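# Tertiary structure, described
In case you want the letters, here they are:
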Amino acid sequence: MKHLRNTPEIFFVVSAILATAEALPASAGQGRLPEALTGLWATEAASCAKPDNDDRVEITRDRIEFFAASCRIDALRQTKAGDYRMDETCEAEGEADAIAGRLIVKGRDRIEIRQGETRHALLRCPKPAAAARSNLQ
């Protein structure tokens with residue numbers, strides 16, 4: 001049996017493992033929100049059409065983007081009730097904090113995001129193409 005200690009083969013194997021680990025997204029293996037929950041959400045329908053409104057929230061499979069804060073979903077667990085418990089790292093004004101969050105599905109187009117004592121009741125915004133079609137009718 002050949003030993004790999006201090007041989008070029010061991011350095012190649014270690015380099016390949018490290019390159020693979022660096023290429024994986026931060027949420028790999030941690031769970032991601034379903035595609036059905038992604039998109040633009042707002043506290044009221046009128047806020048959907050105002051890009052600079054701080055009542056809008058954009059949700060991707062692994063991030064929640066508020067007006068003045070950005071939260072990366074580090075770990076995600078779905079409860080038996082269908083809600084999601086999240087470990088998040090949120091950045092605002094140059095500071096990052098670990099936060100335990102929760103995303104509660106209230107209906108097809110309604111959710112609530114809880115982060116500590118803060119609650120955001122949100123409505124789904126129409127997709128731009130859908131909004132344009134409804135304006136033509």
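Structure's up top.
Here's what I pulled together on the structure shown here.

Cut-offs applied
- Residues numbered from 1 in each chain as written.
- Predicted model: local features only at pLDDT ≥ 70, side-chain atom pairs only at ≥ 80, totals over all residues.
- Heavy atoms only, no water.
- Disulfide = S-S within 2.5 Å.
- Helix = DSSP H or I, 4+ residues; strand = E, 2+ residues; numbered from the N terminus.
- Buried < 20%, exposed > 50% of the residue type's maximum accessible area, 1.4 Å probe, protein only.
- Pairing = 2+ DSSP bridges.
- Axes fitted to C-alpha atoms, helices over the stretch in contact; angles between N-to-C directions.
- Core = buried A, V, L, I, M, F, W, Y, C linked by side-chain atoms within 4.5 Å.
- Contact = heavy atoms within 4.5 Å.
- Salt bridge = Lys/Arg side-chain N within 4 Å of Asp/Glu carboxyl O.

## Section: the state of the cysteines
For the coordinates displayed, the defined rule picks out two disulfides. The partner cysteine of cysteine 48 in its disulfide is cysteine 125, sulfur to sulfur 2.0 Å. Since a negative S-S torsion denotes a left-handed disulfide, the cysteine 48-cysteine 125 link at about -80° is left-handed. Placement of cysteine 48 in the loop between β1 (39-42) and β2 (56-59) and of cysteine 125 in the loop between β8 (118-124) and α2 (128-136) is noted, with a sequence separation of 77 residues between them. By relative accessible area, which is 13% here, cysteine 48 ends up buried. Bridging cysteine 71 to cysteine 90, the disulfide has an S-S length of 2.1 Å.

## Quick notes on the sheet that holds β8
Strands sit in the order β1-β2-β3-β4-β5-β6-β7-β8 around a closed barrel of eight strands; the barrel is antiparallel. On average, adjacent strands in this sheet sit at an angle of 30° to one another, irrespective of strand direction. With three bridges joining them, strand β3 (residues 63-65) and strand β4 (residues 70-78) adopt antiparallel strand pairing. Across the sheet, the residue bridging to glutamate 65 is serine 70, located in β4.

## A look at the nonpolar core
In terms of nonpolar packing, the biggest core is built from 17 residues, with Leu33, Val57, Ile59, Ile64, Leu103, Ile111 and Ile113 touching the most fellow members. Listing elements by their share of this core, those giving two or more residues are β2, β4, β5 (84-92) and β7 (110-115). Ignoring any residue separated from it by four or fewer positions in sequence, one finds valine 57 in contact with Gly39, Leu40, Trp41, Ile64, Glu65, Phe66, Ile113 and Leu122.

## Section: the pattern of salt bridges
A complete count under the given rule lists nine salt bridges for this structure. We note a salt bridge from aspartate 87 to arginine 77, for which the minimum N-O separation is 3.4 Å. With aspartate 87 in strand β5 and arginine 77 in strand β4, this pair connects stretches of sequence that are 10 residues apart. A relative accessible area of 33% places aspartate 87 in the partly exposed class. For arginine 77, a relative accessible area of 40% translates into the label partly exposed. A salt bridge links arginine 114 to glutamate 112; the nearest nitrogen and oxygen atoms lie 2.4 Å apart. What makes arginine 114 partly exposed here is its relative accessible area of 23%. Judged by relative accessible area, which is 9%, glutamate 112 ranks as buried. By sharing partners, the salt bridges in this structure join Lys106, Glu112, Arg114 and Arg119 into a single network.

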